[in-house]
Amino acid sequence: MEKFGKSQSFKRSEDVRFLTGHGRYVDDIAPEGALHAYVLRSPVAHAEIAKLDVSDAREMPGVHMVATVEDLIAAGMDISMGGTVIKNRDGSKAADPLRPILAKDRVRHVGEPVALIVAETMIEAKDAAEAIVFDFDELPVHMALEAGGEAIHPEAPGNRAFDYGLGNEAETEAAFAAAAKVVSLEVGDNRVIVNAMEPRGAYAEWDGEKLHVAFNGQGVWGLKSELAQAFDLPVEQIRVTNPDVGGGFGMKAPGYPEYFAIAFAAKQLGRSVRWMSDRTEAMLSDHAGRDLVTLAELAFDEDNRILGYRNHTRCNLGAYNSNFGQAIQTALYAKVLTGTYDIKAAYMRVEGFYTNTTQVDAYRGAGRPEAIYTLERIMDRAARELGVDPSELRRINFVQEFPYKTVTGENYDVGDFSRVLAHAEADADIAGYPARKAASEAQGKLRGLGLCYYIESILGDPAEDVKVEFTEDGGATIYVGTQSNGQGHETVFAKFLADQTGIPVEKIGFVQGDSDRIPRGGGTGGLALGDHAGDGDADRRARHDRGLLGVPRQRDGRRSRRGALRRRAVPRGWLEPAPDHARGRCAGAREGP
């Protein structure tokens, strides 16, 4: 193994085809002769559907199908989109309203799918959409992250989806009562539109016995099981594939209504059907990220040590529960609630609200960046109010003894947070900052210095599989359950295997994103791939007992969709996930301009 081993710089093998126009993205590989699908979407945020007449559209030239939710129901489909449902502070179940594949009786956000038009060409499909009579009676919209307003779902009085709590509330209140100083700060975290380089897209085909759906997502098994549920088919009759994917960021992880709708069309028509979002559609239909407001409070003693931490978040779910929407600012936020600090008493309360907007779900870290952002913002505010250097206040409160268990139940196995901070300060030349600031001021410029200390809790599916087949010519093929969205998995896995076996990288094949060729896997999400591969030494064996979120998905009154906790032994010689510990990544000091 060369110097620095697996961590050395190495040219990515897949970039050649990407940079020369030879990538195989979903819109590049749709079957020849596939029909084109177009989605008619709601132009308003909230309305009762008064009339939806598609009869004229069905007679338009080139049109093969115009489907509404009633057509899906008539065909026996389960029209419900699945979503994680958590428990409230009082132990009751959070709101779980129906999210239909196509709008049923009411539309609840601009861009909600209303009808699917399938035609020979996209122009013909769009022309037919113009012939649909869609009358609606508008309703007041609810946009505030607070209880009240026009009811979006009867299952959520006041539009509150859940009221979640975690931590030691009584001890936290006692800590604040005994505090010498209390610092508070409201932190807004604005909505983010993901805007991946490649918009979402998919195609579906039915050969009379087996359904195949190809989509540009972050893994195949979740959608495979959901398609089986929706069509009441054995999983063996469903194949899901992911080709090259131009950016995922969490947004492309779940199934979306369009995938189910085109699968319905393909199955009914016996023809391949393709759909590709344009940029405007993406803005109206892709899951967004963040969108929350948090009141954070820290209680300090006379020596500036943290006694307690209170955190009250109000988060936006959008119009419906999405894939992991309810879990993002609750179970996932909680994983790094107290960051790198030794906080013995902490309590978080989270209220989730439905609004007449697109759904909010995973985006780049999913809950953990939001938690760290809030905590580090209030640490800076506290440093100013206490008159303490921000770095020194952090050093006073760093966790010092390991292993360490946080008040929310996370285990930190190792860490040396003060040492990492010292390295960051040296690299940033903090001692020279006053001179640089003065030089900037002399030029009429403002210069600031910011500090954020981040600790990560790696997610990912504990049932991840990687299989290696050795070929007669001295090479190998590696089959992975993850899914590259541009991160370079093809290079990472091949290089790792080459380091372990001595097989030249160029003789290692790579297979991903095919539910027929790979028995199981968790796809890609939760920042887990590099840690899973990097810690997978062939002589290690491990057992893991954890769920991605620790909360099962439930669909009362409809067919159950569950995210099961899994336990499995990792066979010798297979890559394995890293232990489920939060890991100290880096401390960063940032200066500008």
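Bear in mind the structure is a predicted one, so any value in this text is a computation, not a measurement. (Residues numbered from 1 in each chain as written. Predicted model: local features only at pLDDT ≥ 70, side-chain atom pairs only at ≥ 80, totals over all residues. Heavy atoms only, no water.)

A.B. asks: Please provide a residue-by-residue account of the sheet that holds strand β20 (residues 476-480), values included.
C.D. replies: Taken together, three strands build an open sheet; the order of strands is β19-β20-β21 and the sheet is mixed. With partners counted over all chains shown, the strands left at the sheet margins are β19 (466-470) and β21 (508-511), one partner each. Put simply, the sheet's adjacent strands are angled 20 degrees from each other on average, direction ignored. Note: β19 against β20, five bridges, orientation antiparallel. Within β20, the residue paired with E469 across the bridge is T477. (Pairing = 2+ DSSP bridges. Helix = DSSP H or I, 4+ residues; strand = E, 2+ residues; numbered from the N terminus. Axes fitted to C-alpha atoms, helices over the stretch in contact; angles between N-to-C directions.)

A.B. asks: Which residues make up the pairing of β21, and what values go with them?
C.D. replies: The pairing of β20 with β21 spans four bridges and is parallel. Note on β21: the bridge partner recorded for A476 is I508. Each parallel crossover has a hand, and the one from β20 via helix α14 (residues 489-501) to β21 is right-handed. (Right-handed = clockwise from strand over helix to strand, strands pointing away.)

A.B. asks: Help me get a handle on the side chain of T482, residues and values and all.
C.D. replies: Tracing the backbone shows T482 in the loop between β20 and α14. Residue classification places T482 among the buried residues on the basis of a relative accessible area of 5%. Here the side chain of T482 touches H489 through a polar contact of 3.3 Å, side chain to side chain. (Buried < 20%, exposed > 50% of the residue type's maximum accessible area, 1.4 Å probe, protein only. Polar contact = N/O pair within 3.5 Å; in protein donor to acceptor, adjacent residues only side chain to side chain.)

A.B. asks: Outline the packing of helix α9 (residues 325-334) against helix α10 (residues 368-386), supporting the account with residue identities and numerical values.
C.D. replies: As a packed pair, α9 and α10 sit with axes 8 Å apart at the nearest point and diverge in direction by 70 degrees. Overall, the two elements α9 and α10 adopt an arrangement that is roughly perpendicular. α9 and α10 meet at a crossing whose hand is right-handed. Counting all contacts with α9, which are made through I328, Q329, L332 and Y333, the residues of α10 involved are R368, E370, A371 and T374. Grouping the amino acids of the contact of α9 with α10 by side-chain chemistry returns four nonpolar, two polar and two charged. (Parallel < 35°, antiparallel > 145°, perpendicular 65-115°, else oblique. Left-handed = near helix turned anticlockwise from the far one by under 90°. Contact = heavy atoms within 4.5 Å. Nonpolar A, V, L, I, M, F, W, Y, C, P; charged D, E, K, R; others polar.)

A.B. asks: Account for helix α4 (residues 122-130), naming residues and giving values.
C.D. replies: Listed in full, the buried residues belonging to α4 are A125, A128 and A129. Each buried residue of α4 sits inside an arc of 105 degrees when the element is viewed along its axis, so together they form one side. Those residues of α4 that are exposed and aimed more than 90 degrees away from the buried face are I123 and E130. Next to the buried residues of α4 lie β1 (35-41), α2 (55-58), β3 (63-67) and β5 (113-119). (Arc of directions from axis to C-beta.)

A.B. asks: Hey, could you go over the packing of aromatic side chains for me, with residue numbers and the actual values?
C.D. replies: Per the stated rule, a full pass over the model turns up 11 aromatic pairs. Through a chain of ring-to-ring contacts, the aromatic side chains of Y341, F398, F402, F417 and Y453 assemble into a single cluster. Across the ring face of F176, the terminal group of R310 is positioned such that the distance to the ring centre comes to 3.8 Å. In this structure, K467 is placed above the aromatic ring of Y479, and the distance from its NZ or CZ to the ring centre is 5.0 Å. (Phe/Tyr/Trp six-rings, centres within 6.5 Å; stacked < 30°, edge-to-face > 60°. Lys NZ or Arg CZ within 6 Å of the ring centre and 35° of its normal.)

A.B. asks: Describe the environment of G523, and please don't skip the residues or the numbers.
C.D. replies: Note that G523 resides in the loop between β21 and α15 (529-534). Since its relative accessible area comes to 8%, G523 is described here as buried. Separated by 270 residues in sequence, G523 and A253 have C-alpha atoms that sit 8.2 Å apart.

A.B. asks: Can you explain unusual backbone geometry? Please cite residues and give values.
C.D. replies: Following F402, the chain continues to P403 via a peptide bond in cis, the omega torsion being 0 degrees. Residues other than glycine seldom take positive phi values, yet D232 does so here, at roughly 55 degrees. In this structure, D232 sits in the loop between α6 (221-231) and β11 (238-241). D232 gets classed as exposed once you look at its relative accessible area, which sits at 58%. The phi torsion at D291 lies on the positive side, around 70 degrees, for a residue other than glycine. Within the secondary structure layout, D291 lies in strand β13 (residues 289-300). According to the relative accessible area criterion, D291 is buried, its value standing at 14%.

A.B. asks: Can you tell me about the environment of I306, naming the residues and giving the values?
C.D. replies: Tracing the sequence through the fold places I306 in strand β14 (residues 306-318). Counting along the chain gives 91 residues from I306 to N397, while the straight-line C-alpha distance between them is 6.7 Å. Setting aside its immediate chain neighbours within four residues, I306 contacts L298, A299, F300, Y341, D342, I343, M379 and N397.

A.B. asks: Could you give me a rundown of the environment of D137, with the residues and numbers involved?
C.D. replies: Secondary-structure assignment places D137 in strand β6 (residues 133-138). Of the residues examined, D137 reaches a relative accessible area of 48% and is grouped as partly exposed. When the C-alpha positions of D137 and A50 are compared, they lie 6.4 Å apart, and in sequence the two are 87 residues distant. Discounting residues that sit within four places of it in the chain, D137 has contacts with A47, E48 and A50.

A.B. asks: Describe the pattern of salt bridges, with residues and values.
C.D. replies: Within the structure shown, the criterion is met by 37 salt bridges. D244 is paired through a salt bridge with R17; the nearest N and O atoms lie 2.8 Å apart. A residue pair is termed long-range when its members are at least 10 positions apart, and D244 in the loop between β11 and α7 (257-269) and R17 in helix α1 (residues 15-19) qualify at 227 residues. Using a relative accessible area of 24% as the deciding quantity, one classes R17 as partly exposed. Its salt-bridge partner being D499, residue K495 comes within 2.8 Å of it at the nearest N-O pair. One end of the pair is K495 and the other is D499, both in helix α14 and four residues apart, which spans about a single turn. When sorted by exposure, K495 lands in the same class as D499, which is buried. Look at the salt bridges and you will find they share partners, linking R41, R200, E258, E281 and D286 into a network. (Salt bridge = Lys/Arg side-chain N within 4 Å of Asp/Glu carboxyl O.)

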